[in-house]
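Architecture and fold: a report
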Amino acid sequence: MSDESTKAEFEVLLQLADLTVDDDELRRLTTLHARMKATRDRLRSVVLGETEPATTLVSAIEMGPR
Amino acid sequence: MNERDLAYLQIRQVLALLESGDISSEEVTAAQLARIAALDDRLNAYITVLHDDALASARQADTLRRAGERLPLLGIPIALKDLLATKGILTTGGSPMLADNVPDFDATVTRRLAEAGAVLLGKTNMLEFAYGYPNPEFGETRNPWNLAHTAGGSSGGSVAAVAAGLAYGTIGSDTGGSIRSPAAYCGVVGLKPTYGRVSRHGVLPLSWSLDHVGPLTRSAWDAALMFDAISGYDPLDPASAPGDAPPTLDQLDEPLAGLRIGLVEYFFDRNVQDSVRAVALEGVALLECIGAVIEPVTIEHVELVSPVIWPIVQAEASSYHAVNLREQPEKFGPATRENLRLGSTLLATDYLAAQRIRRLIIDATNAALANVDVLLFPTQPIVAPVLGTYKMANLQSEGILEKEIGHTGFGNITGHPALSVPCGLSDVGLPVALQFTGKPYADGLLLRIAHQFEQAFGPFARPPID
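Here the structure is a predicted model, which means the values were calculated and not measured.

Next up on the list: the overall build of chain A. When helices and strands are counted, chain A shows three helices and zero strands. Tracing chain A from N to C terminus, the helices and strands come up as α-α-α. Taking all 66 residues of chain A together, 33% fall into the buried category. If you sum the accessible surface of chain A, you get close to 4300 Å²; carbon and sulfur atoms cover 54% of it.

Turning next to the packing of aromatic side chains. Residues and elements named next belong to chain B. The tally for this structure, following the rule as stated, stands at nine aromatic pairs over all chains. When the centroid spacing of 5.9 Å and the interplanar angle of 35° are considered together, the rings of phenylalanine 457 and phenylalanine 460 count as tilted. An aromatic cluster of at least three residues, connected via ring pairs, comprises Trp145, Phe453, Phe457 and Phe460.

So, about the pattern of salt bridges. All chains considered together, the criterion is met by 23 salt bridges over all chains. Measuring nitrogen to oxygen at the nearest pair gives 3.3 Å for the salt bridge that ties B:Asp363 to B:Arg359. Placement of the pair is B:Asp363 and B:Arg359 together in helix α14 (residues 348–369), with a separation of four residues, close to one helical turn. With relative accessibility at 39%, the residue B:Asp363 sits in the partly exposed group. According to the relative accessible area criterion, B:Arg359 is buried, its value standing at 18%. Overlapping salt bridges, with partners in common, bring together A:Arg40, A:Asp41, A:Arg44 and B:Asp350 in one network.

With that out of the way, let us pick up the interface of chain A and chain B. In this assembly, 35 residues from chain A lie in contact with 47 residues from chain B. When chain A packs against chain B, the two sides together hide about 3600 Å² of surface, and 65% of this comes from carbon and sulfur. For the interface between chain A and chain B, the tally reads six salt bridges. Between A:Arg28 and B:Glu338 there is a salt bridge, and its shortest N-O distance comes to 2.7 Å. Taken together, the links from chain A to chain B amount to four residue pairs in polar contact (both at pLDDT 80 or more). Breaking the side of chain A that touches chain B down by element, the ones donating at least two residues are α1 (3–16), α2 (23–47) and α3 (57–61) of chain A. Residues of the side of chain A that touches chain B, tallied by class, amount to 18 nonpolar, six polar and eleven charged.

The next point concerns the packing of α2(A) against helix α11 (residues 305–320) of chain B. Axes are the key here: two packed helices are described by the angle between their axes and the distance separating the axes. With their axes 10 Å apart at the nearest point, α2(A) and α11(B) run at an angle of 115° to one another. In this structure, α2(A) meets α11(B) at a crossing whose hand is left-handed. Counting all contacts with α2(A), which are made through A:Met36, A:Thr39, A:Arg42 and A:Leu43, the residues of α11(B) involved are B:Pro307, B:Val308, B:Pro311 and B:Gln314. Of the residues in the contact of α2(A) with α11(B), the class split is five nonpolar, two polar and one charged.

Below, the discussion takes up α11(B). In a regular helix each residue adds 1.5 Å, so 16 residues correspond to 22 Å; α11(B) covers 22 Å between its end C-alpha atoms and thus fits that length. Most of α11(B) is tucked away: 14 of the 16 residues are buried.

This part is about unusual backbone geometry. Residue and element names in this part refer to chain B. Between glycine 153 and serine 154 the backbone carries a cis peptide bond, its omega angle lying at 10°. Along the chain, the position of serine 154 falls in the loop between β5 (146–150) and α6 (156–163). Backbone geometry at asparagine 44 places phi at a positive 60°, although glycine is not the residue there. Of note, asparagine 44 is situated in the loop between α3 (25–43) and β1 (46–49). Take asparagine 44: its relative accessible area is 22%, and that puts it in the partly exposed class.

Turning to the confidence of the model for chain A, a few remarks are in order. Residue and element names in this part refer to chain A. The predicted model of chain A averages 78 in pLDDT, with 71% of residues at 70 or higher. Per-element confidence in chain A ranges from a low mean pLDDT of 47 for α3 to a high of 91 for α1. Predicted confidence for residues 56–66 stays below pLDDT 50, and this span has 21 contacts to residues more than four positions away or in other chains.

All names here are of chain B. On the basis of which strands lie adjacent, the open sheet formed by eleven strands has the order β1-β3-β2-β6-β8-β7-β12-β13-β11-β9-β10 and mixed pairing. At either margin of the open sheet sits one strand with a lone partner, and together these are β1 and β10 (293–297). Recorded for the sheet is a direction-independent mean angle of 30° between the axes of neighbouring strands. Relative to strand β3 (residues 119–124), strand β2 (residues 77–81) is paired through five bridges, and the arrangement is parallel. When the sheet's bridge partners are listed, alanine 79 is paired in β3 with glycine 122. Those strands touched by α6 are β1, β2, β3, β6 (169–174) and β8 (212–217), and its axis lies near 155° from that of β6.

Moving on, we get to the packing of helix α2 (residues 11–20) of chain B against helix α8 (residues 220–230) of chain B. Residue and element names in this part refer to chain B. The N-to-C vectors of α2 and α8 enclose an angle of 75°; their axes lie 8 Å apart at closest approach. What the angle tells us is that α2 and α8 run roughly perpendicular. Contacts from Ile11, Arg12 and Leu15 of α2 reach α8 at Trp221, Asp222, Leu225 and Met226. Broken down by class, the residue content of the contact of α2 with α8 amounts to five nonpolar, no polar and two charged.

What follows is about the nonpolar core. Counting residues in each nonpolar core, the largest one holds 161 residues, and the members touching the most others are B:Leu73, B:Leu113 and B:Phe436. At nine residues, the largest contribution of residues to this core is made by α8(B).

Conventions we followed
Residues numbered from 1 in each chain as written. Chains lettered and ligands numbered in written order. Predicted model: local features only at pLDDT ≥ 70, side-chain atom pairs only at ≥ 80, totals over all residues. Heavy atoms only, no water. Helix = DSSP H or I, 4+ residues; strand = E, 2+ residues; numbered from the N terminus. Buried < 20%, exposed > 50% of the residue type's maximum accessible area, 1.4 Å probe, protein only. Areas by Shrake-Rupley, 256 points an atom, 1.4 Å probe, with all protein chains shown as cover. Phe/Tyr/Trp six-rings, centres within 6.5 Å; stacked < 30°, edge-to-face > 60°. Salt bridge = Lys/Arg side-chain N within 4 Å of Asp/Glu carboxyl O. Contact = heavy atoms within 4.5 Å. Buried area = accessible area lost by both parts, 1.4 Å probe. Polar contact = N/O pair within 3.5 Å; in protein donor to acceptor, adjacent residues only side chain to side chain. Nonpolar A, V, L, I, M, F, W, Y, C, P; charged D, E, K, R; others polar. Axes fitted to C-alpha atoms, helices over the stretch in contact; angles between N-to-C directions. Left-handed = near helix turned anticlockwise from the far one by under 90°. Expected span 1.5 Å × (residues − 1). pLDDT = per-residue confidence, 0-100. Pairing = 2+ DSSP bridges. Parallel < 35°, antiparallel > 145°, perpendicular 65-115°, else oblique. Core = buried A, V, L, I, M, F, W, Y, C linked by side-chain atoms within 4.5 Å.

As structure tokens, then:
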């Protein structure tokens, strides 16, 4: 994805979150957003093929016999 | 006893002096307040100091003791991270957003410590809303071992206060390592209890599925005393673990012979400074000397701790702060604001992918703990960074927070209890610490191991702050 399309994508996400930022902040946030996407892709590759459902808050704290 | 020696006593020793009548709580509290006045300009550990209220509370403790009352922390001066609600006392969360916030109630931990007889000295400095960055208006807490270095965060004020003898014990919170990381950097004991064991009611949340509250002290015995005072079921915290928390203090001297410790090799390698590794391995050798059996352990997916924890923290924190982020963003510090904005743009599927991998890491951790009693690795791969390290994200490279959270965030993701105990000084004279991770609700075992490790290690050095 090009820098411009990444920026455009991020602007849409900001709008959906009802947030406005100035141009300098937008440049920084777009760069950080691109880094987050790389992390997201890494996580997606791990869960690919996992058949267990998402952890719920309850199952996150359920850790066996007390 | 001179004032410096008095300031560095452990809670157990102060209790003995109070019990014998050799000193009063009022005298101990006055000495602590004088030390705060003398040193805190350099450390920046406190946001609020309660001079008159602390002395009044100490006098009341002395009256109770003379009347035969024997509460576990009666007359002991302590401090709280400034995100625990304190009735009638400013509670800022380290942010101008809450510059005028005076709660009309006590957090459950605040109340339990008061019921145990503790004297509240004040509220300690912290990274803004415990997120990982100091707000410029509050500034960073300096490390008592070297004032050019940070105390770490986010409970840096609580840790520096204990390390420098400005409180006998404090309370911190820990979402990705905020108790254990600064504890390691400043050479004190920090316990992140099992998730649900200590109430978060009245504690400003950062990320509620990862947040924990726990004690910071100069010994494991003191940590056990404070933990016993604050732990146990609380109906006001929806994640509170049901049932009584068994006392830990009376287990501390039970023998450790045959204890199986799993050395997590990945965490002895990942980003670990040579000097940190060398000091940590000396600690491992000492554990063998007191009867522990060390064996290498691998845990599947632990390399994903940092990538997994960030989306969870970002999404949950941005949800909590959503209204203020839209309506008064200028009141957040720039780095906190930036992260809250990033978190607001995460997709639900990314958050859930992280939660799904979290489940895999929990399962892998439980599998590893089926064969050993506890897991062991350096609390942090590095010693305390220089001041100014916690700042706006570097756009070109991984930041210090990612390095830190990769080690300590493990315990937050799984919810298992984790304890940091100092084990020596690095080649640059800064503390290094070992971290023990136990099975769910094995908080007492961690305190027991740390206590006996301390007995074998001997007294830990004092920082050169005065």
